[in-house]
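# Residue-level structure breakdown
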Amino acid sequence: GCRLRHTPAKLKDLHMIRSLATALLLTIVTPATAQVRLVDAGIICPRESTGELVETPGTEAGYIRRIQQGQTFDLPDRIVPAMDNLSFGFRTALKPGMPMQDVTVVVTHPPMGDRGVEREEWSDVIEPGSESLNLFTFEMDYEKVPGAWEFSIEVDGTPVVRVPFTVTESEGRGRVEQACFQFLS
C-alpha cells in the first residue's frame with residue numbers, strides 16, 4: 001500500500017495554503033460587507049404618508065411606499081413612541097469609490113399583525129454618490145408594537161449595517177412633541 005507521510009515541511013505548506021485560502025475568502029467577502037455605511041438614523045415628525053405603493057411580498061402589509069429620499073430626521077433618537085404617522089429609520093450610502101450595490105433592507109420587530117410577522121424585507125439598490133433612506137411609518141394601529149426593533153442592510157444575506165430602536169407606548173413622546181409640534185401652540 002501507499003502511505004502518505006506529513007513531514008514538517010509539508011505541514012508548513014498545508015498551513016500556508018490554508019492561510020492563503022482564508023485570506024482569499026476574506027478578500028472576496030470583506031469588500032461587499034464593507035461597502036455600505038450608516039449616514040444617519042432617527043425619527044421624522046408625523047405627517048401624511050405619500051408615495052407610490054410598491055408590491056413587496058416580504059412585508060407584513062404586502063407593499064411598501066416609495067418615499068421621498070430628501071427627507072431629514074427631526075430627532076436623532078432611537079427611543080420611538082408609537083404615534084400615528086410617526087416615521088423612523090435610517091439612511092445609508094456606499095463608501096467612496098464603491099460600485100452600485102444590490103442590498104436587502106430588513107426590519108425586525110416583535111410579532112405584528114394576524115400572522116405575527118417579525119421580519120420584513122425588501123430589495124434595494126444603492127447607487128454611487130446617492131443615499132438610501134428607509135423608514136417605517138406607523139400608519140395602522142396594529143403596527144404600533146412596543147419592543148426592540150432593528151433596521152439593517154444585508155449584502156448577500158450578511159448584515160453590514162444595523163441600527164437598533166426601541167418602540168414604546170409613551171416614552172420619548174415629550175421629546176417628539178417638543179420637536180414636532182412646538183410651533184402649533
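First things first, this report covers the structure right here in the doc. The structure presented is a predicted model; accordingly, all values stated were derived computationally and were not measured.

Calculation criteria
Residues numbered from 1 in each chain as written. Predicted model: local features only at pLDDT ≥ 70, side-chain atom pairs only at ≥ 80, totals over all residues. Heavy atoms only, no water. Phe/Tyr/Trp six-rings, centres within 6.5 Å; stacked < 30°, edge-to-face > 60°. Helix = DSSP H or I, 4+ residues; strand = E, 2+ residues; numbered from the N terminus. Buried < 20%, exposed > 50% of the residue type's maximum accessible area, 1.4 Å probe, protein only. Pairing = 2+ DSSP bridges. Axes fitted to C-alpha atoms, helices over the stretch in contact; angles between N-to-C directions. Core = buried A, V, L, I, M, F, W, Y, C linked by side-chain atoms within 4.5 Å. Contact = heavy atoms within 4.5 Å. Disulfide = S-S within 2.5 Å. Salt bridge = Lys/Arg side-chain N within 4 Å of Asp/Glu carboxyl O.

### Structural notes on the packing of aromatic side chains
Here the structure, examined in full by the defined rule, presents ten aromatic pairs. Each ring, one from Phe 88 and one from Phe 151, has its centre 5.4 Å from the other, and the planes form 75 degrees; the classification is edge-to-face. With Phe 88 in strand S5 (residues 87-94) and Phe 151 in strand S9 (residues 147-155), this residue pair connects regions lying 63 residues apart in the sequence. The class for Phe 151 is buried, based on a relative accessible area of 0%. Centroid distance Phe 151 to Phe 165: 5.4 Å. Interplanar angle 75 degrees. Geometry classified as edge-to-face. A residue pair is termed long-range when its members are at least 10 positions apart, and Phe 151 in strand S9 and Phe 165 in strand S10 (residues 158-168) qualify at 14 residues. A connected cluster of aromatic rings, assembled from ring pairs, spans Phe 88, Phe 90, Phe 136, Phe 138, Trp 149, Phe 151 and Phe 165.

### Some details on the sheet that holds S10
Taken in spatial order, the five strands of this open sheet run S4-S10-S9-S6-S7, and their pairing is mixed. The open sheet terminates on both sides in strands that have one partner only, identified here as strand S4 (79-81) and strand S7 (117-126). Sheet twist, expressed as the average angle between the axes of neighbouring strands with direction ignored, equals 25 degrees. Pairing of S4 with S10, which is carried by three bridges, proceeds in the parallel orientation. Bridge assignment links Ile 79 to a residue of S10, and that residue is Thr 166.

### Concerning the nonpolar core
Ranked by internal contacts, the top residues of the largest apolar core, which has 32 residues, are Val 36, Phe 88, Phe 138 and Trp 149. With five residues, S10 is the largest single contributor of residues to this core. Setting aside residues no more than four positions away along its own chain, Val 36 makes contact with Thr 92, Ala 93, Leu 94, Lys 95, Gln 101, Val 103, Ile 126, Ile 153, Val 155, Val 160 and Val 161.

### A word on the sheet that holds S5
Taking strand neighbours across the sheet as the criterion, the three strands line up as S1-S5-S8 in an open arrangement whose pairing is antiparallel. Edge positions in the sheet fall to strand S1 (36-44) and strand S8 (131-137), since each has one partner strand and no second. Across this sheet, the average inter-strand angle for adjacent strands is 20 degrees, counted without regard to direction. Bridge count between S1 and S5: eight bridges; the pairing is antiparallel. Bridged to Asp 40 within S5 is Arg 91.

### So, the state of the cysteines
According to the stated counting rule, one finds one disulfide in the structure shown. Two residues share a disulfide in this structure: Cys 45 and Cys 180, whose sulfurs sit 2.0 Å from each other. Torsion about the S-S bond of the Cys 45 and Cys 180 cystine: about -85 degrees, corresponding to left-handed handedness. Placement of Cys 45 in the loop between S1 and strand S2 (53-55) and of Cys 180 in helix H2 (residues 173-181) is noted, with a sequence separation of 135 residues between them. Of the residues examined, Cys 45 reaches a relative accessible area of 8% and is grouped as buried. The buried category is assigned to Cys 180, whose relative accessible area is 16%.

### Things to note about the pattern of salt bridges
A full pass over the atoms with the stated rule returns twelve salt bridges. Measuring nitrogen to oxygen at the nearest pair gives 2.8 Å for the salt bridge that ties Glu 121 to Arg 119. On the accessibility criterion, Arg 119 (37% relative accessible area) is partly exposed. In this structure, the salt-bridge partner of Arg 119 is Glu 154, at a minimum N-O distance of 3.2 Å. With Arg 119 in strand S7 and Glu 154 in strand S9, this residue pair connects regions lying 35 residues apart in the sequence. Linked by salt bridges that have partners in common, Asp 40, Arg 91 and Glu 131 make up one network.

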